[in-house]
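What the coordinates show
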Amino acid sequence: MSSKRALIVVDMQNDFMPGGPLGVTGGDEIIPVINRLARRFENVVLTQDWHCPGHTSFASSHAGQDVFDTFDAFYGPQVLWPDHCVMGSKGAEFHPQLDIPHAGLILRKGYHRDVDSYSAFLEADRKTRTGLDGWLASRGITEIVVCGVATDFCVGWTACDARHFNLSVAMVDEASRGIDLEGSLDRAHRNMDIAGVDIVTISQLVD
Ligand code: VGL
Ligand code: ZN
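Rules of the game
Residues numbered from 1 in each chain as written. Chains lettered and ligands numbered in written order. Predicted model: local features only at pLDDT ≥ 70, side-chain atom pairs only at ≥ 80, totals over all residues. Heavy atoms only, no water. Helix = DSSP H or I, 4+ residues; strand = E, 2+ residues; numbered from the N terminus. Rg over C-alpha atoms; globule rule 2.2 N^0.38 Å. Buried < 20%, exposed > 50% of the residue type's maximum accessible area, 1.4 Å probe, protein only. Contact = heavy atoms within 4.5 Å. Areas by Shrake-Rupley, 256 points an atom, 1.4 Å probe, with all protein chains shown as cover. Lys, Arg positive; Asp, Glu negative; His and termini not counted. Charge placed at Lys NZ, Arg CZ, Asp CG, Glu CD. Donors = N, O, S within 2.8 Å, 3.2 Å for Na, K, Ca; no water. Tetrahedral: all angles 85-135°; square planar, octahedral: opposite > 155°, others 65-115°. Near = heavy atom within 4 Å. Polar contact = N/O pair within 3.5 Å; in protein donor to acceptor, adjacent residues only side chain to side chain. Expected span 1.5 Å × (residues − 1). Arc of directions from axis to C-beta.

Glancing now at the overall build of the protein. Helix and strand counts for the protein come out as 4 helices and 8 strands. Taken over the C-alpha trace, the protein has a radius of gyration of 16 Å; the compact-globule value for 207 residues is 17 Å, and the two agree within 12%. Taken along the three principal axes of its C-alpha coordinates, the protein extends 50 × 35 × 30 Å. Counting across all 207 residues of the protein, residues that qualify as buried make up 54%. Put simply, 73% of the contacts in the protein that link residues at least 6 apart link residues at least 24 apart. Put simply, the protein shows about 9,300 Å² of open surface, and 49% of that area lies on carbon and sulfur atoms. Distance from the positive charge centre (17 side chains) to the negative charge centre (28 side chains) of the protein: 7 Å.

Let's shift gears to the coordination of the zinc ion (ligand 2). For the zinc ion (ligand 2), the full set of protein donor atoms is Asp49 (OD), His51 (NE2) and His84 (NE2), at a range of 2.0 to 2.2 Å. Angles of 88 to 170 degrees at the metal separate the 4 donor atoms of the zinc ion (ligand 2), which places the site in the irregular class.

Looking at ligand 1, the residues that line it are Asp11, Phe16, Leu22, Asp49, Trp81, His84, Tyr118, Val149, Ala150, Phe153 and Cys154. Taking Asp11, its side chain carries an N or O atom lying 2.6 Å from an oxygen atom of ligand 1. Within the side chain of Asp49, an N or O atom sits 3.1 Å from a nitrogen atom of ligand 1. Surface burial for ligand 1 is 100%, taken as the share of its 250 Å² of free accessible area covered by protein chains.

Here the focus is helix α4 (residues 184-195). End to end, α4 covers 16 Å across 12 residues, agreeing with the expected 16 Å (1.5 Å per residue, within 8%). For α4, the complete set of buried residues consists of Ser184, Ala188 and Met192. All buried residues of α4 project into a common sector of 75 degrees when viewed along the axis, lining one side. Seen from the open side of α4, the exposed residues pointing more than 90 degrees away from its buried face are Asp186, Arg190, Asp193 and Ile194. Where the residues of α4 are buried, they touch α3 (151-164), β7 (168-177) and β8 (198-200). At the C-terminal side of α4, Gly196 shows a positive phi close to 90 degrees.

Here it is as structure tokens:
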């Protein structure tokens, strides 16, 4: 097993599972797939969407705006979501069946009230780093494999941003599920392609 690669498991939290406020269809189906995949990696990072109450990405924080409207944030357009992954809540916890005890880092993101962070590398202002690039670099990790939810938001943005930090990136489609808001899933696949992210099946991954 190469110690120069890491698996990044994105946002496998209760609120993103079917029945949750931002439930992703099939989000629960990928749990056993991810658990199995993670056993093949020495280095695993779990990301955790982690918002303060009243976060700017919540429709409820903006009078007169509806869920899935777009709000003009100082850093550009921001989709407004149902309240989700409020720090310390049950909904923000990892799904109880996620079983990756050897994960070395839990990376929380989105906790600054006025800035969202789909990406595990850069917040939505496109300037503020989460520190994940440094964590990986200091361990000599040059390749990452990304999976989780949602393909078209946090998984896709994380995969594309990783390319900016010169990492080699594979996104495992069968271990990820998307929201697909107005064509966002197609757009995410296209953006990953352009960024040089390899979209792979598990059978294509070599140990
Ligand atoms: C996500 C929307 C809002 C995600 C997080 O994990 O993809 N999507 N917050
Ligand atoms: Zn969020």
